[in-house]
Amino acid sequence: MLVSLLLSLALAQSPDRPTIVSSSVAWEAGPGALWVNPANIAYDADRRVGIYVHQALEDGPRSIAATAGIGSLGIGAHSFTDEFGDSRWTLDYASGIELPERLAIGWRIAWHVGAPDGNYVAYDGGAGWRPFPWFGLGVAFHNMGSPHGTTQARSTMGLALRPFGEALTLGFDFARQYDAASDDIDHVALTARFRPIEGLYLRGGIANPIDGLDNVEYSLGIEVFFNGVGGGVSTDTAWAGDGVSALTAFVGTDEPGETLVRSGRRVAAAPVGNHPYQPAQPLFLEPERSWLETLELLRQVEDDPTMRGAVITLGSGGMSFARYQELRARLVTMREAGKAVLVYLQGAPGNGAYYVASAATRVVIHPAAELRLIGLSAEMTYLGGTMDLLGVQPQFVRRSEYKAAVEQYTAHEASAASLEQMEALLDDNFEVLVREISGSRGVSEEVVREWIDGGPWPAAEAKELGLVDGVLYPDMLEAELDRMHGGPVRIQPVDRLAQPHSPWEEASRIAVIYVDGVITGGPSSPGGLLGARTAGSATLVRQLLEAADDPTVRAVVLRVDSPGGSAYASDEIWRATQLVRREGKPVVVSMGGVAASGGYYVSAGADLILAEPTTITGSIGVYSGKFAVEGLADKLGVQTTSIRRGRNANLESMFTPWDGVQAARMEALVESTYDQFKSRVEEGRRMTPEQVEAVAKGRVWSGTRAAEVGLVDELGGLQDAVLAARRLAGIPERRKIALISYSPSAAPLEGLAPSLVQAFVPLPLLQSWERSLTPAEVALPPELGTALTLSSQSDLVWALDPALLHVEVR
């Protein structure tokens, strides 16, 4: 759809709007659609800018107009000067709303200034329907409410056909102009837009009053675009005249990426860090790039034949090993597609950054950087002795022996079960780290282990040992890329890559919903100074039900990056996933760095579960407990008097330990919740009770081992989950898909694949402020942040491994 528009068939120069030839109310969309049919604005999510100049020959009227828009909003200004030199202005505002079933409505408000009869306001209205990519209908009403003879009201109905897709669009319009002083005038118009090659458009049209051929006019135009910006010229000619009667010229923007000539020597530049799943939407500012958008933009580079490769910048920011695997997979497929990839390491890149970089064609490092390839470690802290000294009695019940989360409060050292599972996790992840670095760098695994045991490495030593291929400052990268590609290349930031949005094809929608952080009741929270990021069941249930009820959503991808949390909240989210499936929509789970305990609970009922080999998952188990501070209170001279009605009314009292009866009741409660957890796994994974018990007991598994024992279906990342959801939903490969996410209020944020381009839906300013206060940026221990979060919850039973929330591969 062309952004620089030729707005309506030129029957005559009109003072109320620009006269730009060869368009239809049924198929025109873009910046100038506010003058043709404002409903069509709703079909175009791209940024739009256009300037149009029209000049009637032989000293006739002339006009100049400008318009700009984004999303469903558009503004415009139009100056008209008649043959006597008198001028008038029109200022316009327009908006369009897309409704279900590819229906759209829109309106325009026009403030007319300097008209012969005085200033006034007039209104346009319109509607559109595009049920198929090849067929559309439109209707528009212009100048409603205007009493002035120079701006008569008129209505237009149009039909559009696209027999060859975007290569050819045909329009047939019927228009009636209402004249209070004489008979109404009816017109018909045939229009066409032909796209022989990318970036080149030819337009044409013919129109005449129905009652004869005396006033037949035809128009021809050509438009050329380079990198989304271009211009063109069109002519109006009267059938019975002596030649061209008017010229129209324009400059403007097209859909992102539309260009007549493409440079084949471009390299995408992408700084990559720990991008959030759902960035805050700050007012008046571009949102931060999301993690999924980052992956999709890199895939776009892989698919673009004009891109020679990419330069990826990595630093010291920590991410989960699973995220590093997702990023590395993009580099591997990029190289398999014949793209050269350079990774630039800066700051203090660690295990994860080097793991990704090892898959590149070439690795270079900043001269002052320190390569921290030092291996993996896990430290488990135990406060049992501290509790004894303080006189605090931690009372916990758990299911079962591998549910080690409570041991940090009750034990003096690691249990055999805890050591067993942590040793296995480190072994699995370390094996992946060594094996894949070895394969990518072309050295033996023994050499990689020597690199790890000898680290950290200064840049110069890393170069000498072959860990990196070069030591360069950032200003030297351009020359390095020229050398890699055998000549000069143009570096293009990945954020500026084209994100085309078809105004005709309704992409099949897949909802991507994030379970990110500790699972709690109530709304989700981005975290902050006094608490960890939370995945609130109220928010997630609302989003899942929205996806279930939305007829345009074909499938749901549930991205789980959570150590668990409230068992009750986890069950609420699990239930919502089943309601989505009941509507015939597949649910595919993509596990991130951690999807354990409650994180696995919410995943268990999915149609398909994918995890990375290094994902930490499982931990099918629960616990409950409290801290009885009676001994500490005695030491501090604190006295309490307890009055109760009911045998167990003081069950949650911090000053009174459980007695035998209360401990037994808590054992029964935890056992019941554990049985319910296992039943969800039995049902979802189609396993017997014995099979579930064998892999449960609170044990955590790597993604690799989880696949072996049946807790995970496939190994893969978030983009693999999207492809699986497409397959399960029966969406044809040739059909485009739109990935939508939801704001905390369940308002959709939509973009067309291959990129998740989110619409402007602002969140509260307070949330944007709190997002910047993450535990990494303030001196708040992660465990304390989690503990403060949990302290605000009233749940008795938890499916949580808080220590796993902060597992990172730095």
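Structure first, text after, so check above.
On a predicted model such as this, the values are computed, not experimentally measured, just so you know.

Draft legend 1. Main features of the overall build of the chain. Counting its secondary structure elements, the chain contains 20 helices and 37 strands. Every one of the 810 residues in the chain was classed for burial, and the buried ones make up 54%. A separation of at least 24 residues holds for 64% of the contacts in the chain among residues at least 6 apart in sequence. Summed over all atoms, the accessible surface of the chain reaches about 33600 Å², with 57% contributed by carbon and sulfur.

Draft legend 2. Spotlight on unusual backbone geometry. Note that the residue after Arg 399, namely Ser 400, is joined by a cis bond; omega there is -5 degrees. Examined against the element boundaries, Ser 400 turns out to sit in the loop between strand 20 (393-399) and helix 6 (407-410). In the segment running from Gly 455 into Pro 456, the intervening peptide bond is cis, with an omega of 5 degrees. Along the chain, Pro 456 falls in the loop between helix 8 (445-454) and strand 21 (457-458).

Draft legend 3. Structural view of the pattern of salt bridges. Scanning the model with the defined rule gives 37 salt bridges in all. Residue Arg 176 pairs with Asp 186 through a salt bridge whose shortest N-O separation is 2.7 Å. Here Arg 176, found in strand 9 (residues 168-177), pairs with Asp 186, found in strand 10 (residues 185-197); they are 10 residues apart in sequence, far enough to count as distant. For Arg 176, a relative accessible area of 31% corresponds to the partly exposed category. A salt bridge links Glu 671 to Arg 399; its shortest N-O distance comes to 2.4 Å.

Draft legend 4. Geometry of the packing of helix 11 (residues 537-549) against helix 12 (residues 567-582). Relative to each other, helix 11 and helix 12 sit at 5 degrees, their axes nearing to 9 Å. By the criterion of interaxial angle, the relationship of helix 11 to helix 12 is roughly parallel. Residues Ser 537, Leu 540, Val 541, Leu 544, Leu 545 and Ala 548 of helix 11 form the contact with helix 12, whose participating residues are Ala 569, Glu 572, Ile 573, Ala 576, Thr 577, Leu 579 and Val 580. Of the residues contributing to the contact of helix 11 with helix 12, the split by class is 10 nonpolar, 2 polar and 1 charged.

Draft legend 5. View of the pairing of strand 30 (residues 608-611). Here strand 30 shows a buried face lined by Leu 608 and Leu 610 and a second buried face lined by Ile 609 and Ala 611. By the bridge criterion, 4 bridges tie strand 29 (residues 587-596) to strand 30 in an arrangement that is parallel. Bridging from a neighbouring strand, Val 589 pairs with Ile 609 of strand 30. Summarising the sheet, strand 30 and strand 34 (residues 714-715) pair through 2 bridges and their orientation is parallel. When the sheet's bridge partners are listed, Leu 610 is paired in strand 34 with Glu 714.

Draft legend 6. Representation of helix 2 (residues 291-303) within the structure. In this model, helix 2 (13 residues) spans 19 Å end to end at C-alpha, consistent with the 18 Å of a helix rising 1.5 Å per residue. Counting buried positions along helix 2 gives 12 out of 13 residues, so the element sits mostly inside the fold. If you check the start of helix 2, you find a side-chain oxygen 3.1 Å away from the backbone N of Glu 293, and it comes from Ser 290.

Draft legend 7. View of the side chain of Arg 509. With respect to the helices and strands, Arg 509 occurs in strand 24 (residues 508-516). Relative accessible area serves as the criterion here: at 11%, Arg 509 is assigned to the buried category.

Draft legend 8. Spotlight on the sheet that holds strand 17 (residues 340-345). Read across the open sheet, the 6 strands follow the order 22-18-17-16-15-23; overall the sheet is parallel. Looking along the sheet, the strands with just one partner apiece sit at the ends: strand 22 (470-471) and strand 23 (490-493). Sheet topology note: the strand 15 (residues 266-271)/strand 23 ladder contains 4 bridges and is parallel. Bridging across to strand 23, Arg 266 finds its partner in Arg 490. Contacts from helix 3 (residues 321-336) reach strand 16 (307-314) and strand 17, with the element oriented near 145 degrees to strand 17.

Draft legend 9. Representation of the packing of aromatic side chains within the structure. By the definition in use, this model includes 12 aromatic pairs. Taking the centre distance of 5.8 Å and the plane angle of 55 degrees together, the rings of Trp 134 and Phe 135 count as tilted. Residue classification places Trp 134 among the partly exposed residues on the basis of a relative accessible area of 47%. For Phe 135, a relative accessible area of 16% puts it in the buried group. Clustering of aromatic rings is evident, with ring pairs tying together Phe 396, Tyr 409, Tyr 623 and Phe 627. Taking NZ or CZ as reference, Arg 328 lies 4.8 Å from the ring centre of Tyr 355, over its face. A cation sits over an aromatic face here: Arg 680 above Trp 574, 4.0 Å from the ring centre.

Draft legend 10. Representation of the nonpolar core in the model. Residues Ile 312 and Leu 345 are the most contacted members of the largest nonpolar core, which totals 66 residues. When residues no more than four places from it in sequence are discounted, the contact partners of Leu 345 are Leu 314, Ala 353, Tyr 354, Ala 357, Val 363, Val 364, Ile 365, His 366, Ala 369, Leu 371 and Val 468. With 53 residues, the next largest nonpolar core counts Val 515, Ala 548, Ala 595 and Ile 620 among its residues.

Draft legend 11. Geometry of the environment of Thr 306. With respect to the secondary-structure elements, Thr 306 resides in the loop between helix 2 and strand 16. Relative accessible area serves as the criterion here: at 11%, Thr 306 is assigned to the buried category. Considered as a pair, Thr 306 and Arg 262 are 44 residues apart in the sequence and their alpha carbons are 6.9 Å apart. Sequence-distant contacts of Thr 306, defined by excluding residues within four places in its chain, comprise Arg 262, Ser 263, Gly 264, Arg 265 and Arg 266. Within polar-contact distance, the side chain of Thr 306 engages the side chain of Arg 266 at 2.5 Å. Within the local environment of Thr 306, its side chain forms a polar contact with the side chain of Asp 304, the two groups lying 2.7 Å apart.

Conventions we followed
- Residues numbered from 1 in each chain as written.
- Predicted model: local features only at pLDDT ≥ 70, side-chain atom pairs only at ≥ 80, totals over all residues.
- Heavy atoms only, no water.
- Helix = DSSP H or I, 4+ residues; strand = E, 2+ residues; numbered from the N terminus.
- Buried < 20%, exposed > 50% of the residue type's maximum accessible area, 1.4 Å probe, protein only.
- Contact = heavy atoms within 4.5 Å.
- Areas by Shrake-Rupley, 256 points an atom, 1.4 Å probe, with all protein chains shown as cover.
- Salt bridge = Lys/Arg side-chain N within 4 Å of Asp/Glu carboxyl O.
- Axes fitted to C-alpha atoms, helices over the stretch in contact; angles between N-to-C directions.
- Parallel < 35°, antiparallel > 145°, perpendicular 65-115°, else oblique.
- Nonpolar A, V, L, I, M, F, W, Y, C, P; charged D, E, K, R; others polar.
- Pairing = 2+ DSSP bridges.
- Expected span 1.5 Å × (residues − 1).
- Polar contact = N/O pair within 3.5 Å; in protein donor to acceptor, adjacent residues only side chain to side chain.
- Phe/Tyr/Trp six-rings, centres within 6.5 Å; stacked < 30°, edge-to-face > 60°.
- Lys NZ or Arg CZ within 6 Å of the ring centre and 35° of its normal.
- Core = buried A, V, L, I, M, F, W, Y, C linked by side-chain atoms within 4.5 Å.

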